[in-house]
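Below are the chains, spelled out letter by letter.
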Amino acid sequence: MTILHASSECYPAAKVGGLGDVAGALPKYLNRVGANASLIMPHYHNKFYREHNWETIFEGDFKLNVSVYDYKIKKESSNELGFALYVTEIPGLLDEELPYGYPNDVERHLGFQIAIVDWLSKIEERPQILHCHDHPTGLIPFMMSYCYRYAQLKEMKTVFTIHNGEYQGSFGMDKIHLIPYFDDWKRGMLEWNNIINPMACAIKCCWRFTTVSPTYMKDLHHSQSGLQSLINSETKKASGILNGIDADVWNPETDKWLEACYNKEDVETGKSINKTALCNSFQLNPDRPLVVFIGRLANEKGGDLLADAIRQSVMMQHKAINYLVLGSGRKEDENALNELKDAMPDNFNCYIGYHEKLAHLMYAGADFLLMPSRIEPCGLNQLYALRYGTIPIVRSTGGLIDTIMDINEPGGFGIRFEHDTVAAIDVAVERALTLFQDADKMKEIKQQIMTFNHSWEHAASEYIDLYESM
Ligand code: ADP
Ligand code: GLC
């Protein structure tokens, strides 16, 4: 079975968040269970691209508005990711270093999608399934079905995965002319609430759609995302498949970024060496329990609650607790954290920015990982934490419900809380600290969670079943 994934991120070529991790791992694991999977992404002007060799396998052009763009499809020569990696190179349109955040993102995403369908429509040997991820690829199923120029692709099967329903990529009807000439009777497929909505369009036009956890699919039926009624009406095409983790990359026994590698047998020593290194570089006392947060500072992640929750918790615990935050995003949240750092330098520190290596060291060196997410389609952080023997403290939502059981449940190993409030976070942390006092129980849980297998093998076979059912 041949599957081509289309994604705007793919670790290690380009990553902003979990989408990058998923796209960099799922094709590799699909190949391990016998499929033939590859991935196409935009060509970014970044280090990964410069440091790899690329072979041009196709050249073409397309029109966007009044401009004609030449494009190349290039393939990474070494196949080092465990699957064939293709990029769309579009000079004049895709000239930036990062996946998002530019004034012409709508045009950049469109160019990427048009180059893919144009290329596929012109080659003989096409994949059987095109698997699109999130809104930057959301118009592909529409173009394949209704753009006259790509009529050869009408019968090709498509899967669309919603990684995050909060980002739908909507843009005004004034840009409808950017979409290659299509059957005007189908215009309604592009729209949701009177604007062009790539995510809604994908849900309508794809053969099947998935979310990255079963509970998030249920959440979407009642969420405030604006897609509730659409999800309800398309429910026959829907399934929730829980993400996995790339156990080759996220492995405390081999992780090159740790101060000391470890496994479940020497977890106590291993974590303590990493904790000391981490605390030393952030001027925190390693004898205190360490709670960390890693992620985007966004409303969905509860980034706005962090500074207040930490301040109150440190006071409630009479300063017998430390916090470390790694993240970036909303400026107000970044400023609040920077201020807190000045106010409580002995108990709190933060790194505002993106730092892959530091993230690994934090999963290894922390005692607890805090995720006060309001919305969490899957969440990978808690899965990495488990693998590194770090106990997750999570709000009960989406994928966090599917992966973390509270210590009060039989077999439970984490801390869960219900409300997205500062008080609820502090009570949850207090429960964690009670657990921390019991060294034997802590060790038992660390060893238990390190044995969990959240690797992609299981999810990859669920995707294979889905592809086969089509
Ligand atoms: P999301 O995709 O919604 O941001 P996930 O939990 O699925 O959340 O994945 C987040 C991924 O991004 C993880 O690999 C996490 O370690 C990483 N990450 C998030 N923020 C940062 C950061 N500031 N520095 C390094 N890695 C980060
Ligand atoms: C999204 C979600 C996150 C999920 C990730 C990978 O960014 O916010 O919960 O883990 O995609 O699927």
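**Points about the domain arrangement of the protein**
Moving on, step 1. Each assigned domain of the protein is listed here: domain 1 (2–244 + 457–469) and domain 2 (264–449).
Moving on, step 2. If you average the C-alpha positions of domain 1 and of domain 2, the two centres end up 33 Å apart.
Moving on, step 3. Contacts between the two partners involve 19 residues from domain 1 and, on the opposite side, 16 residues from domain 2.
Moving on, step 4. When domain 1 packs against domain 2, the two sides together hide about 1,400 Å² of surface, and 57% of this comes from carbon and sulfur.
Moving on, step 5. In this structure, the connection of domain 1 to domain 2 is made through 1 salt bridge.
Moving on, step 6. One salt bridge connects Lys-15 with Glu-356, and the closest N-O pair in it is separated by 3.2 Å.
Moving on, step 7. Here domain 1 is connected to domain 2 by 9 residue pairs in polar contact (both at pLDDT 80 or more).
Moving on, step 8. Here the side of domain 1 that touches domain 2 gets 4 residues from one element, more than from any other, and that element is helix α6 (residues 214–222).
Moving on, step 9. Residues belonging to the side of domain 1 that touches domain 2 are distributed by class as follows: 8 nonpolar, 7 polar and 4 charged.

**Some thoughts on the site of ligand 2**
Moving on, step 1. Near ligand 2 there are 13 residues, and of these His-163, Asn-243, Glu-376, Cys-378 and Gly-379 occur at the shortest range.
Moving on, step 2. Contact between ligand 2 and Asn-243: an oxygen atom at 2.8 Å from a side-chain N or O atom of the residue.
Moving on, step 3. One of the backbone N or O atoms of Cys-378 is found 3.0 Å from an oxygen atom in ligand 2.
Moving on, step 4. For ligand 2, whose free accessible area comes to 310 Å², the fraction covered by protein is 93%.
Moving on, step 5. At 3 residues, the largest contribution of residues to the shell around ligand 2 is made by helix α1 (residues 18–32).
Moving on, step 6. Split by residue class, the shell around ligand 2 holds 6 nonpolar, 5 polar and 2 charged.
Moving on, step 7. Among the domains, domain 1 (2–244 + 457–469) and domain 2 (264–449) are the pair contributing at least three residues each to the shell around ligand 2.

**Re the site of ligand 1**
Moving on, step 1. As a matter of local geometry, ligand 1 sits amid 20 residues, with Lys-15, Gly-18, Asp-21, Arg-296 and Lys-301 nearest to it.
Moving on, step 2. Take Asp-21: an N or O atom from its side chain is 2.6 Å from an oxygen atom of ligand 1.
Moving on, step 3. Across the complex, the protein chains shield 93% of the 560 Å² of accessible surface that ligand 1 would expose by itself.
Moving on, step 4. Only α1, β12 (290–297), β13 (322–329), α11 (356–365) and α12 (381–387) provide two or more residues apiece to the shell around ligand 1.
Moving on, step 5. Among the residues forming the shell around ligand 1, the class breakdown is 7 nonpolar, 8 polar and 5 charged.
Moving on, step 6. Two domains share the shell around ligand 1, each providing at least three of its residues, namely domain 1 (2–244 + 457–469) and domain 2 (264–449).

**Details of the pattern of salt bridges**
Moving on, step 1. The tally for this structure, following the rule as stated, stands at 25 salt bridges.
Moving on, step 2. Across the pair Glu-96 and Arg-108 runs a salt bridge, and its minimum N-O distance is 2.9 Å. Of this pair, Glu-96 sits in the loop between β5 (84–89) and α3 (105–122) while Arg-108 is found in helix α3, placing the two residues 12 residues apart along the sequence. With respect to class, Glu-96 is no different from Arg-108; both count as buried.
Moving on, step 3. Between Arg-108 and Asp-105 there is a salt bridge, with its nearest N and O atoms 2.7 Å apart. Of this pair, Arg-108 and Asp-105 both sit in helix α3, separated by 3 residues, roughly a single helical turn.

**What to know about the pairing of strand β14 (residues 348–352)**
Moving on, step 1. As paired strands, β13 and β14 are joined by 5 bridges and run parallel to one another. The partner of Tyr-323 across the bridge, within β14, is Phe-348.
Moving on, step 2. In this view, the connection linking β13 to its parallel neighbour β14 by way of helix α10 (residues 331–343) has right-handed handedness.

**Structural notes on helix α14 (residues 422–437)**
Moving on, step 1. The terminal C-alpha atoms of α14, which comprises 16 residues, lie 23 Å apart, in line with the 22 Å expected from a rise of 1.5 Å per residue.
Moving on, step 2. The complete set of buried residues in α14 reads Val-422, Ala-424, Ile-425, Asp-426, Ala-428, Val-429, Ala-432, Leu-433 and Leu-435.
Moving on, step 3. In this fold, the buried residues of α14 make contact with α9 (303–316), β13, β15 (368–371), β16 (391–395), β17 (415–417) and α15 (439–450).

**Some remarks on α11**
Moving on, step 1. Across the 10 residues that make up α11, a large majority, 9, are buried.
Moving on, step 2. Where α11 is concerned, the buried positions are Glu-356, Leu-358, Ala-359, His-360, Leu-361, Met-362, Tyr-363, Ala-364 and Gly-365.
Moving on, step 3. In this fold, the buried residues of α11 make contact with α8 (267–281), β12, β13, β14, β15 and α12.

**A few points about the packing of α9 against α10**
Moving on, step 1. Where α9 meets α10, the axes come as close as 8 Å, and the angle between the chain directions of the two elements is 15°. Our classification of the angle between α9 and α10 gives roughly parallel. Here α9 and α10 pass one another in a crossing that is left-handed. Residues Gly-303, Asp-304, Leu-306, Ala-307, Ile-310 and Arg-311 of α9 pack against Asp-333, Ala-336, Leu-337 and Leu-340 of α10.
Moving on, step 2. Split into classes, the residues belonging to the contact of α9 with α10 amount to 6 nonpolar, 1 polar and 3 charged.

**Re the pairing of strand β4 (residues 67–76)**
Moving on, step 1. Where strand β3 (residues 54–64) and β4 come together, 10 bridges link them in antiparallel fashion. By the bridge assignment for β4, Asp-61 is matched with Asp-70.
Moving on, step 2. The hairpin turn running from β3 into β4, its antiparallel successor, is 2 residues long, and Asn-65 in that turn takes a positive phi close to 60°.
Moving on, step 3. Pairing between β4 and β5: 4 bridges, direction antiparallel. In the sheet register, Lys-74 faces β5, and the bridge partner there is Val-87.

Rules behind the numbers
Residues numbered from 1 in each chain as written. Chains lettered and ligands numbered in written order. Predicted model: local features only at pLDDT ≥ 70, side-chain atom pairs only at ≥ 80, totals over all residues. Heavy atoms only, no water. Domains from an automatic or database assignment. Contact = heavy atoms within 4.5 Å. Buried area = accessible area lost by both parts, 1.4 Å probe. Salt bridge = Lys/Arg side-chain N within 4 Å of Asp/Glu carboxyl O. Polar contact = N/O pair within 3.5 Å; in protein donor to acceptor, adjacent residues only side chain to side chain. Helix = DSSP H or I, 4+ residues; strand = E, 2+ residues; numbered from the N terminus. Nonpolar A, V, L, I, M, F, W, Y, C, P; charged D, E, K, R; others polar. Near = heavy atom within 4 Å. Areas by Shrake-Rupley, 256 points an atom, 1.4 Å probe, with all protein chains shown as cover. Buried < 20%, exposed > 50% of the residue type's maximum accessible area, 1.4 Å probe, protein only. Pairing = 2+ DSSP bridges. Right-handed = clockwise from strand over helix to strand, strands pointing away. Expected span 1.5 Å × (residues − 1). Axes fitted to C-alpha atoms, helices over the stretch in contact; angles between N-to-C directions. Parallel < 35°, antiparallel > 145°, perpendicular 65-115°, else oblique. Left-handed = near helix turned anticlockwise from the far one by under 90°.

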